[in-house]
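Listed below are the residues making up each chain.
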Amino acid sequence: MERYNFNIIEEKWQDFWEKNKSFKTVADKNKKKFYVLEMFPYPSGKIHMGHVRNYTIGDVLARYKSMQGFNVLHPMGWDAFGMPAENAARENKLDPKEWTNSNITTMKNQLKKLGLSIDWDREISTCSEDYYKHQQIFFLELLEKKLIYRKENYVNWDPVDETVLANEQVIDGKGWRSGAVVERKKLSQWFFNISKFSQDLLDGLDALDSWPNKVKTMQKNWIGKSFGCEIEFKIEGQLPIDKIKCFTTRPDTLFGFSFLALSIDHEISSFYKDNKEFIDFKEECSKTGTTEEAIAVGEKIGFKTNLKAINPLNPSQKVPVYFANFVLMDYGFGAVFGCPAHDQRDFDFAKKYNLEIKTVVRPHEKDKNFKVENEAYSGPGVIINSEFLNGFEAPNNSVIETIKILEEKKLGKKQINYRLKDWGVSRQRYWGCPIPVMYDQDGKVHPVPKSMLPVKLPENIDLNVKGNPLDSIENWKQIEIDGKKYTRETDTLDTFVCSSWYYLRFCSPNEKNYGFEKSDIDYWMPVDQYIGGVEHAILHLLYSRFFMRAINFENKDFNIKEPFQSLFTQGMVCHETFKDEKNNWLNPDEVFSEDGKNFFSIKEKKQVKVGPSESMSKSKKNTIDPEKMINNYGADSVRLFIMSDSPPEKDVQWSTEGMEGSFKFIQKLWSLNKKFTDKIKKNEKGVNDDTIIKYTNSLINKITNNLENFRYNVIIANFYEMYNFLNKELEKPVSKKVLIDNYYIILKLLNPFVPHFASECLEKFSEFKKDNNEWPKANEKLLAEEKVKIVVQINGKKREILETTKDISENEILDMINSNDKLKNYLYKKELIKKIFVPNKIINLIIK
RNA sequence: GGGGCGAUGGCGGAAUUGGUAGACGCGUCGGUCUUAGGAACCGAUAGAGCAAUCUGUGAAGGUUCGAGUCCUUUUCGCCCUACCA
């Protein structure tokens, strides 16, 4: 039999789709829209399996929704600014633009080879002037709305990449890309005022029903709302300071107060800047840093000042003031009131410096003599040793009551605090969107006039300089407007800014004057289904949500707050890892195995160590090249496999055997196709018509339901079952019309998953049938006619399965049981105590 | 330390609301065809037993006519987060 030649057929259909612009979309108010978006890729060179999985999931949905009659927007673009381009350019003496654009060309071709239903006319690239021009306009708008500001701040300085990192880009005290230990440096930076929307971003989460709870929880924790109060402590000492503000969630433990701790960056530290001991102490703090180990060891160290803090509820109590390494400047006021008995950090600190540990909360289950001794107690209980606070239930009542008292006495006030900090967007890099501002000779900020936008990146520059290359391009940096001299801002924007609004640009990719056109946004937004990796759960998704709010702010024409209606986070693609005897990683291509258990290197024929399956990464060399797989097995097979082995939200393990299985299945479908067409020509009498009709009908139902719930792996199993079933059932005679109608349906069901194969079969099939490409609908009446299997249990144990028509009564099933020899035996001479009957499911007889 | 998710055959995984546990695939075993097959096709495949049948969803208990699914306790694994006052 003729084998299915994917090479010819896939190329044929990809050409067809391209020439006919099959996936071009235009806004059409008469049609219901559906916006499918996958997170756009960074053009790093070649696509990887993660992309294949991400874009296949989206493509299946896009094709399905389109067959359902939706006007589907399914675009693709490039997150094209960023450091890898600059680094690669520096190493290979290339232009970052050329490097990026050549990667885009390669990856675009690879994506096309996957057969994705993308409207390539909407392709965007964030590094093109067309794109970043509008980003600069947004920047100036937000600047005018005072949602962007400049401040001098400590930043995370990556000494290897020579750039500032956002807090989120620092992992265990190291740069997320370079891995270098991050240093603290004070620089003037641009900030987006994301914290202004803390509460709104938090509240908005509740409405996002179709987002994974996991992601919502992560964002919630990141925003980190906490309820408490600010307290002003009076200060005594030799310095011109009379008070220090603290934020606390436990004002009710004020009577357990035994020290006040300040961040080393607290403004009061300026009085100690020449104090040698304090300088040494700061040095010591920076050594412990914020690494994982340091926190695990968690040594609390402090520097005692000559100041005393007065307890506002008990003015006769005066406690020492320390600088301490565990106090963060950017949370609360950079000052903490220490209550050792009920906070573990304070407890550790008090132990070290022999400070008083006074118990003021007694757990309910403990008696009057309860005393905190070996560790702090932070659970619920009753307030004790606290004068007028005694007896309050902690923490709920006691906190509220204490705040009330403090407010009455004007010693403090209720406050809600958020962990979320403003978003620092300045990057000292070349390959990013220029910030469209300039400074006059007094250093005052001026927006670049809109008529002069975009501020273009200079080309053909020398990247091999220390620091930011833009800083050294004098003829770009210095400008003159109306005879006045200005210096340009040389920092560029964090690339997360680019990805915070790209989904809007896809709606109006060619709009010249603004980032989008209102009518397009009104029609297409929000994104109906967003698909991507969970690694963007916080940053990208939170920034995008912020960006919508920022555009929305003081803007009557724009009323979108949430960009992504529904979110799906797919799992990673994994593979075993291999290491040779010298502990060098080996690519799966470099090893072979005869029994599937023992692996040997191809080069040296020596046994290699097989490591656990981990997510594919270049560093561990456990990657499989998608293009190679497509060349070997065809895009449809690769699509089929990437979806077959695991639920899309979980990690999937790449396996050669599985890949081959999918390839073989396409061949089987091809033989089934022949079987159908041959049989149609035979024109038989329809003995088996009913079976085929009902089976197809229930298949439509199953696949549609599974599609709606992203259970793609189950759908692939449904297709295997279908093959096994039909392959047998077609042995019996089926009438021509039934064959035609039902096979036509099956081809349409297959279409979103294996589009080249299905298109080819559908085209060939047009000799028998051709109407439209509409998604088949199950016939409810036929579904109701299906037979059901009723489980017969006796004393809760399964004894028999009876096949019946739907909705038969309890008496009817009892009759069937009584006439069944096997079941009769169980019931012989027994007393029936109870019957449980669940229609169409089960009957359970309890006997004695 | 805090939060979340998970644990089902040799493996990946199926199993609406509690209602046939192990769909489907991979692997393995057997067979057919073949000079040969690592191709194709057919069959078997949770464990124990000749069988009827019994036992089985990390462990222990509970609710229920009935638990992979619900509750309590517990063990292990993964992910996120991290001195947040």
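Residues numbered from 1 in each chain as written. Chains lettered and ligands numbered in written order. Predicted model: local features only at pLDDT ≥ 70, side-chain atom pairs only at ≥ 80, totals over all residues. Heavy atoms only, no water.

Asks: How do you make sense of the pairing of strand β36 (residues 787-794) when you look at a structure like this?
Replies: Consecutive residues of a regular strand have side chains that alternate between opposite faces of the sheet. Where β36 meets strand β37 (residues 797-805), 8 bridges bridge the pair, whose relative direction is antiparallel. Its bridge partner lying in β37, I794 is registered against K797. Connecting β36 to the antiparallel partner β37 that follows it, the hairpin turn spans 2 residues, and N795 within it adopts a positive phi of roughly 50°. (Pairing = 2+ DSSP bridges. Helix = DSSP H or I, 4+ residues; strand = E, 2+ residues; numbered from the N terminus.)

Asks: Which parts of the structure should I look at to understand empty space enclosed by the protein?
Replies: Gaps left between atoms are located by rolling a probe of water-molecule size over the structure's atoms. Summed over all chains, the structure comprises 1 cavity of 30 Å³ or more. In this model, the largest cavity occupies a volume close to 30 Å³. Forming the boundary of the largest cavity are F516, K518, I521, D522, D557, F558, N559 and I560. A breakdown of the residues in the lining of the largest cavity according to their chemical character gives 4 nonpolar, 1 polar and 3 charged. (1 Å grid on protein atoms, 1.4 Å probe; cavity = no way out; pocket = protein on both sides within 12 Å on 5 of 7 lines; lining within 4 Å. Points joined across faces, edges and corners; volume = space filled by probe spheres on them. Nonpolar A, V, L, I, M, F, W, Y, C, P; charged D, E, K, R; others polar.)

Asks: Explanation requested: the confidence of the model for chain A in the structure shown.
Replies: Per-residue confidence for chain A gives a mean pLDDT of 90; residues scoring 70 or more make up 97%. Predicted confidence for residues 289-295 stays below pLDDT 50, and this span has 9 contacts to residues more than four positions away or in other chains. Confidence estimates for the predicted assembly give a pTM of 0.93 and an ipTM of 0.94. (pLDDT = per-residue confidence, 0-100. Contact = heavy atoms within 4.5 Å.)

Asks: How should the packing of helix α2 (residues 49-67) against helix α20 (residues 689-708) be read in this particular structure?
Replies: Two packed helices can be described by the angle between their axes and the distance between those axes. Where α2 contacts α20, the axes come no closer than 11 Å and their chain directions differ by 125°. Taken as axis vectors, α2 and α20 run oblique relative to one another. Between α2 and α20 lies a crossing whose hand is left-handed. Counting all contacts with α2, which are made through V60, Y64 and K65, the residues of α20 involved are T704, L707 and E708. Of the residues assigned to the contact of α2 with α20, the class counts are 3 nonpolar, 1 polar and 2 charged. (Axes fitted to C-alpha atoms, helices over the stretch in contact; angles between N-to-C directions. Parallel < 35°, antiparallel > 145°, perpendicular 65-115°, else oblique. Left-handed = near helix turned anticlockwise from the far one by under 90°.)

Asks: Looking at this structure, I do not really get the sheet that holds strand β1 (residues 33-38). What am I missing?
Replies: What the 4 strands build is an open sheet, ordered β2-β1-β28-β29; its pairing is parallel. This sheet does not close on itself; its edge strands, each paired only once, are β2 (71-73) and β29 (567-570). Averaged over all neighbouring strand pairs, the angle between strand axes comes to 20°, with direction disregarded. Relative to β29, strand β28 (residues 529-533) runs parallel, the two sharing 4 bridges. Each bridged residue has a counterpart across the sheet, and for I531 the counterpart in β29 is F568. Contacts from α2 reach β1, β2, β28 and β29 within the one sheet, and its direction differs from that of β1 by about 175°.

Asks: I keep staring at the protein's contact with RNA strand B and nothing clicks. Help me out?
Replies: Taken together, the neighbourhood of RNA strand B is formed by 49 residues, with T249, R345, R419, K841 and N844 sitting nearest. Counting only the atoms of RNA strand B that lie within 4 Å of the protein, the sugar and phosphate share comes to 61%. At 3.4 Å, a side-chain N or O of S646 approaches a sugar or linking oxygen of RNA strand B. In the environment of RNA strand B, a phosphate oxygen lies 3.4 Å from a nitrogen or oxygen atom belonging to the side chain of R711. In terms of residue count, helix α21 (residues 712-729) provides more of the surface near RNA strand B than any other element does, 8 residues in total. (Near = heavy atom within 4 Å. Polar contact = N/O pair within 3.5 Å; in protein donor to acceptor, adjacent residues only side chain to side chain.)

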